[in-house]
Amino acid sequence: SASEFLTQLSLGATGCVLADLRMPDMDGMALQRTLARSANPLPVVFLTGHGDINTGVEAMRRGAEDFLVKTAPKDVVIAAIERALARDFRERRARIHRLELQSRFDRLTPRERQVLSRVMLGRLNKQIAAELGIDERSVKRHRTNLMRKLEVTSVAELVQLAIEAGMPAAE
């Protein structure tokens, strides 16, 4: 059943879900909604004998990879599953990258975040020092620390990483 599947679904599970609209305990649409809100939102391919246009449209709007009838040719079903597996790979890789980025930015102190936001604006060390009311050597130390914590070697790489992580340019 869908409920049993969800209780056994691990965060590291990969793949896709081939679901019917009518299933015991929880229908396919409820399964899709629950998966979408989970930490592991596996792609869903619907294969049903009870579909209609409105339900198919709703499933696709909610992110289903495909909505097929049970009489669909085998190659069409396999193609939908292959697309869903490729999608899971791409989305999982992006989630892992975002989590890794977040982990790196979580290492920054509040002061390092303040320095970073000003570096992103192109401020010089002396300008940052004046804005924050600290000496220039402290700014250099914070810059060195944040570069090390974020694992970057240049200001260009630092700014690119900060933009990718959604860091604001000024606090």
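Placed above this text is the structure.
Residues numbered from 1 in each chain as written. Predicted model: local features only at pLDDT ≥ 70, side-chain atom pairs only at ≥ 80, totals over all residues. Heavy atoms only, no water.

Undergrad: Before we go on, may I ask you to explain the environment of aspartate 52 in this structure?
TA: Here aspartate 52 lies in the loop between strand E2 (44-48) and helix H3 (53-61). At 2.7 Å, the side chain of aspartate 52 forms a polar contact with the backbone nitrogen of threonine 55. (Helix = DSSP H or I, 4+ residues; strand = E, 2+ residues; numbered from the N terminus. Polar contact = N/O pair within 3.5 Å; in protein donor to acceptor, adjacent residues only side chain to side chain.)

Undergrad: Please explain the environment of methionine 60 as it appears in this structure.
TA: Among the secondary structure elements, methionine 60 is positioned in helix H3. When near neighbours in sequence (up to four residues on either side) are disregarded, methionine 60 contacts Glu65, Asp66 and Phe67. (Contact = heavy atoms within 4.5 Å.)

Undergrad: Is there a simple way to think about the pairing of strand E3 (residues 66-69) in this case?
TA: Within a regular strand, the side chains alternate between the two sheet faces. In this sheet, E3 lies alongside E2 in parallel orientation, the contact comprising four bridges. Bridging from a neighbouring strand, threonine 48 pairs with valine 69 of E3. (Pairing = 2+ DSSP bridges.)

Undergrad: Would you mind going over the sheet that holds strand E1 (residues 17-19) with me for this structure?
TA: Backbone-to-backbone hydrogen bonds pair the strands of a sheet. The strands run either parallel or antiparallel. Reading across from one edge, E1-E2-E3 is the order of the three strands in this open sheet, with parallel pairing throughout. A single partner strand is all that each edge strand has here, and the edge strands are E1 and E3. Direction aside, neighbouring strands of the sheet carry axes that sit 20° apart on average. Note that E1 and E2 share three bridges and pair parallel. Residue pairing in the sheet places valine 17 in a bridge with valine 44 of E2. Docked against the sheet, helix H2 (residues 28-37) engages E1 and E2, running at close to 180° with respect to E2. (Axes fitted to C-alpha atoms, helices over the stretch in contact; angles between N-to-C directions.)

Undergrad: Help me understand the nonpolar core, please; the structure alone is not making it clear to me.
TA: As a rule of thumb, soluble globular proteins bury nonpolar side chains together. Ranked by internal contacts, the top residues of the largest apolar core, which has 19 residues, are Phe105, Val115, Leu116, Leu146, Leu150 and Leu158. Elements represented by at least two residues in this core include exactly helix H4 (74-106), helix H5 (110-120), helix H6 (125-132), helix H7 (136-150) and helix H8 (155-164). In contact with leucine 150, other than residues within four places in its own chain, are Arg104, Phe105, Leu108, Leu116, Leu158 and Leu161. (Core = buried A, V, L, I, M, F, W, Y, C linked by side-chain atoms within 4.5 Å. Buried < 20%, exposed > 50% of the residue type's maximum accessible area, 1.4 Å probe, protein only.)

Undergrad: Can you help me understand H5 in this one?
TA: Residue pairs spaced three or four apart in an α-helix point in one direction, given the helix's 3.6 residues per turn. All of the buried residues in H5 are Glu112, Val115, Leu116, Ser117, Arg118, Val119 and Met120. Residues of H5 that are buried make contact with H4, H6, H7 and H8. Two residues or fewer after H5 comes glycine 122, characterised by a positive phi angle close to 85°.

Undergrad: Mind showing me how you'd approach the side chain of aspartate 66 here?
TA: The residue aspartate 66 is located in strand E3 in this model. Aspartate 66 sits in the buried class, given a relative accessible area of 16%. A polar atom in the side chain of aspartate 66 sits 2.5 Å from the side chain of arginine 83. Residues in contact with aspartate 66, not counting those within four places in the same chain, are Val44, Val45, Phe46, Met60, Ala80 and Arg83.

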